[in-house]
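What follows is each chain in one-letter form.
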Amino acid sequence: MGDVSEIFDMGRKTLQAVERRLDLSRREYLQFCATLAVTMGLPKGADAAVAKAIETAQRPSVIWLHFQECTGCSESLLRAEHPTLEKLILDVISLDYHETLMAAAGHQAEAARKDAMKAHKGKYILVVEGAIPVKDNGNYCKIGGHKAIDLVKECAADAAAVIAIGSCASWGGMPSTGPNPTGASSVGEVLGKPVVTIPGCPPNPYNFLATVVHFLTFGKLPDVDKQGRPKFAYSRLIHENCERRAHFDAGRFAMEFGDAGHRQGYCLYKLGCKGPETYANCSTLGFGDAGENNWPVGCGHPCIGCSEQGVGFTKPIHQVAKMLNIAPPLQYARIVEEQGQGASFASAAALAALAGAAAGAAVMLTRNLGLSHAAEEAERAKADSKTDGQAKG
Ligand code: FSX
Ligand code: SF4
Ligand code: F3S
């Protein structure tokens, strides 16, 4: 948590008002602000700024469009407990148009969209969920008589910011899987300009909330990578922070669903886990509030790379992942170095490995990845029997 006095400087009355409106206790509200600040990777004390912004900034008008998708992105947001979506709608954003949540239908719904666009021209946030079909003049998806391709352009023209939520809107996702008969395309491709993307199928709702709250707190969207993904959420590989990583490094793998290794929580690499080539914070930020471990690998299923273009819905689920940015054990920094001994055997070996890095690294990596737990046990037993033999001899 940040500077408590600063938070309380917001004024008791303000916090009481927040409590009443959000129907959250003060503690829950401040915890929610701290969670968002941590998600964004902000420094100590930033939760106070977040709390202040949520309380005092004018709620941005949000127009939320749905195209080719399953509505899982909205569903996942509905499962974000702190706060639940209805509280979010009422207090953090002003959700002026959302086809599956709004009570209005038909002409009334169209009027709500037009009114919001007019009243908040240049200031509203456009959120797009779903891919946009562009083949055959975009005839495969129409809402209120408008083609998706026209609707997204019309709504983006006067938006302050455009956020593509989910892999479908971010890079095409599942609807764009080959042979892609409708020409499902991303928001960025259709608009011809980069937009902020929150990929994942569905994405973690906190990544979306944190992006919107960043906009509220700092008046701008967070820093993004080349694919428009907020760096606070998508700059590390899932594999880098995975709770099963120690098993990967030790060569302990589940070989089949339900086998001894799987039941003991071993690494899922050999079952096709794409954590080593997928950039996302799934391994550090649980989904919803069902508790930690609430993410694919935590539940025992290999990551399918749902957020990563070229991986999710593209590579076969059980194909082993490409290793990105992985240092094989031979290249790990030494923990203990002998003093005054000159070059030790180990450091000479490490230097040799560095000199022939690619070859040495590849050999070690292949060796490690090639060992199943059973094979490793067999190797150990062999080594043990040799040692026993030597001891006896
Ligand atoms: Fe579904 Fe959203 Fe996947 Fe797509 O999430 S969960 S198909 S990313 O657009 O609704
Ligand atoms: Fe975790 Fe998958 Fe990496 Fe194994 S391969 S450590 S299960 S991310
Ligand atoms: Fe998707 Fe993999 Fe995360 S399947 S939800 S990117 S762990």
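The following paragraphs examine the structure supplied in this document. Since the model is a prediction, treat every value here as computed from it, not as a measurement.

Conventions and cut-offs
Each chain carries its own residue numbering, running from 1 in the direction its sequence is written. Chain labels run from A onward and ligand labels from 1 onward, assigned in the order the entries are written. Residues qualify for local features only when their pLDDT is at least 70, as the model is predicted, and side-chain atom pairs are given and counted only at 80 or more; totals for whole chains, interfaces and linings, by contrast, use all residues. Any residue whose C-beta atom, as set from the backbone, lies within 6 Å of a molecule or strand is reported as near that molecule or strand. Helix and strand assignments follow DSSP, with helices taken as H or I runs no shorter than four residues and strands as E runs no shorter than two, numbered in order from the N terminus. Charged means Asp, Glu, Lys or Arg here, nonpolar means Ala, Val, Leu, Ile, Met, Phe, Trp, Tyr, Cys or Pro, and polar covers whatever is left, Gly included. A set of buried Ala, Val, Leu, Ile, Met, Phe, Trp, Tyr and Cys residues, joined through C-beta atoms within 7 Å, is what we mean by a nonpolar core. To assign burial, the other C-beta atoms lying within 10 Å of each residue's own C-beta are counted, with C-beta atoms placed from the backbone; 20 or more indicates buried, 12 or fewer indicates exposed, and intermediate counts indicate partly exposed. Placing a C-beta atom from the backbone of each residue, one calls two residues in contact when those atoms lie within 7 Å. Any two strands with at least two DSSP bridges between them are considered paired. Think of each axis as a best-fit line through the C-alpha atoms, taken over the contacting stretch in the case of a helix, with angles from 0 to 180 degrees between the N-to-C directions.

This part covers the site of ligand 1. In the vicinity of ligand 1 lie 15 residues, with E69, G72, G166, C168 and C201 positioned nearest. Secondary-structure elements contributing two or more residues to the shell around ligand 1 are α5 (72-78) and α9 (166-171). Residues that form the shell around ligand 1 fall into these classes: 7 nonpolar, 6 polar and 2 charged.

In the vicinity of ligand 2 there are 14 residues, among which H239, C242, C267, C273 and G275 approach most closely. Tallied by class, residues from the shell around ligand 2 come to 10 nonpolar, 2 polar and 2 charged.

Formed by 60 residues in total, the largest nonpolar core has its most connected members in V128 and V152. Looking at which element gives the most residues to this core, the answer is helix α11 (residues 205-218), with 8 residues. Among residues more than four places away in sequence, those in contact with V128 are L65, V152, V162, A164, I165, A169 and V187. By size, the runner-up hydrophobic cluster in this structure holds 25 residues, among which are C242, F248, Y266 and L271.

Along the chain, G178 connects to P179 via a cis peptide bond; the corresponding omega equals 5°. Mapped onto the elements, P179 comes out in the loop between α9 and β8 (184-185). Cis geometry marks the peptide bond from C201 to P202, where omega comes out at 0°. Along the chain, the position of P202 falls in the loop between β9 (196-198) and α11. Even without being a glycine, T71 presents a positive backbone phi close to 70°. Topologically, T71 is positioned in the loop between β1 (61-66) and α5. With phi around 50°, D136 is a residue other than glycine that occupies positive phi space. Mapped onto the fold, D136 is located in the loop between β4 (132-133) and β5 (142-143). The exposed category is assigned to D136, around which 10 C-beta atoms lie within 10 Å.

What follows covers the sheet that holds β9. The strand order β2-β1-β3-β7-β9 describes an open sheet built from 5 strands, whose pairing is parallel. The outermost strands of the open sheet, each flanked by one partner alone, are β2 (94-98) and β9. Between one strand axis and the next, the sheet turns by 25° as a mean value, whatever way the strands run. Both β1 and strand β3 (residues 125-129) contribute to a ladder of 5 bridges, which runs parallel.

Among the structural elements, E189 can be located in helix α10 (residues 187-191). Residue E189 is classed as partly exposed on the basis of its C-beta count, with 16 C-beta atoms lying within 10 Å. Residues E189 and S170 lie 19 residues apart in sequence; the distance between their C-alpha atoms is 9.3 Å.

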